[in-house]
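One-letter residues, chain by chain:
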Amino acid sequence: MSVLIMKRLLLWESVSWIDGGSRLGGPIPERFDASPSWKKESPVNSEPIVIVKAFMKAMESLDYDRALRFVAAGCEYTNPPPIGTVYGPEGIRAVLEPFFAPTLENEFRILRESYSGRTVFLERLDRHRLKDRWVELPVTGVFEVNEGQIVFWRDYFDAATI
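Predicted model only: the values in this text are computed from it and were never measured.

About the thresholds
- Residues numbered from 1 in each chain as written.
- Predicted model: local features only at pLDDT ≥ 70, side-chain atom pairs only at ≥ 80, totals over all residues.
- Heavy atoms only, no water.
- Phe/Tyr/Trp six-rings, centres within 6.5 Å; stacked < 30°, edge-to-face > 60°.
- Helix = DSSP H or I, 4+ residues; strand = E, 2+ residues; numbered from the N terminus.
- Buried < 20%, exposed > 50% of the residue type's maximum accessible area, 1.4 Å probe, protein only.
- Lys NZ or Arg CZ within 6 Å of the ring centre and 35° of its normal.
- Core = buried A, V, L, I, M, F, W, Y, C linked by side-chain atoms within 4.5 Å.
- Contact = heavy atoms within 4.5 Å.
- Salt bridge = Lys/Arg side-chain N within 4 Å of Asp/Glu carboxyl O.

## Quick look at the packing of aromatic side chains
1) Next: Within this structure, the stated rule accounts for six aromatic pairs.
2) Next: Seen in terms of ring centroids, F143 and W153 are 5.6 Å apart; in terms of plane orientation they differ by 15°. Their pairing is stacked. Of this pair, F143 sits in strand β5 (residues 134–146) while W153 sits in strand β6 (residues 149–156), and the two are 10 residues apart along the sequence. As far as burial versus exposure is concerned, F143 and W153 are alike and both buried.
3) Next: Taken together through their ring pairs, the aromatic side chains of F55, Y77, F143 and W153 make up a single cluster.
4) Next: In this structure, R127 packs its charged tip against the face of W134, placed 4.2 Å from the ring centre.

## Considerations on the nonpolar core
1) Next: Counting residues in each nonpolar core, the largest one holds 28 residues, and the members touching the most others are F55, I92, L96, F143 and I150.
2) Next: Within the residue set of this core, elements represented by two or more residues are α3 (48–60), α4 (64–67), β1 (71–79), α5 (88–100), β4 (119–129), β5 and β6.
3) Next: If one sorts the elements of this core by residue count, α3 sits on top with nine residues.
4) Next: Other than its neighbours up to four places away in sequence, F143 contacts V52, F55, M56, R118, T119, V120, L122, R124, I150, F152 and W153.

## Description of the side chain of T78
1) Next: By the element assignment, T78 lies in strand β1.
2) Next: On the basis of relative accessible area, T78 is assigned to the buried category, the value being 11%.

## Let's talk about the environment of A54
1) Next: Structurally, A54 is set in helix α3.
2) Next: Judged by its relative accessible area of 5%, A54 falls in the buried class.
3) Next: For the pair A54 and A67, spaced 13 residues apart in sequence, the C-alpha separation works out to 7.7 Å.

## With respect to the pattern of salt bridges
1) Next: Here the structure, examined in full by the defined rule, presents 14 salt bridges.
2) Next: With a closest N to O distance of 3.1 Å, K57 and E60 form a salt bridge. With a gap of three residues between them, K57 and E60 both fall in helix α3, about one helical turn apart.
3) Next: By relative accessible area, which is 16% here, E60 ends up buried.
4) Next: The shortest N-O distance in the salt bridge between R127 and E107 comes to 2.7 Å. Taken as a pair, R127 in strand β4 and E107 in strand β3 (residues 105–116) lie far apart in primary sequence, 20 residues in all.
5) Next: On the basis of relative accessible area, R127 is assigned to the buried category, the value being 13%.
6) Next: The exposure class of E107 is partly exposed, given its relative accessible area of 24%.
7) Next: Each of E107, R109, R127 and E136 takes part in one network of salt bridges that share partners.

Rendered as structure tokens:
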């Protein structure tokens, strides 16, 4: 077997861990390792993908105190209009607490993820159980992480779907 074919087979097999089994293709990250650090859900790991996923997990359970420990004091958080941009943990809490107030349960399904350096993209299906039904909102979030904290967060969604 030629070296080129071997490299392609290795690439084909190794990228399957990125999305749980589908064949994405593309280059293997330079820091590729058989047990990628982002799979470890430890908040002491400062990989941006781990930080963002730990933040989302805490937000899913509405544990604001825990979640906002992952957010830098000057973090810029932007949502589509009419919400706009707020700054820091206090601003984020001021937006999200009233938004989530009627929810009895949340589920943030991560459909696709991608990261490069400090930047993380999450395509999500945010599910919120209200008193009488579940509401689903397709969202794409962009995050930047610096020194173990989220410094930028922007969610994109169609407000008409709410």
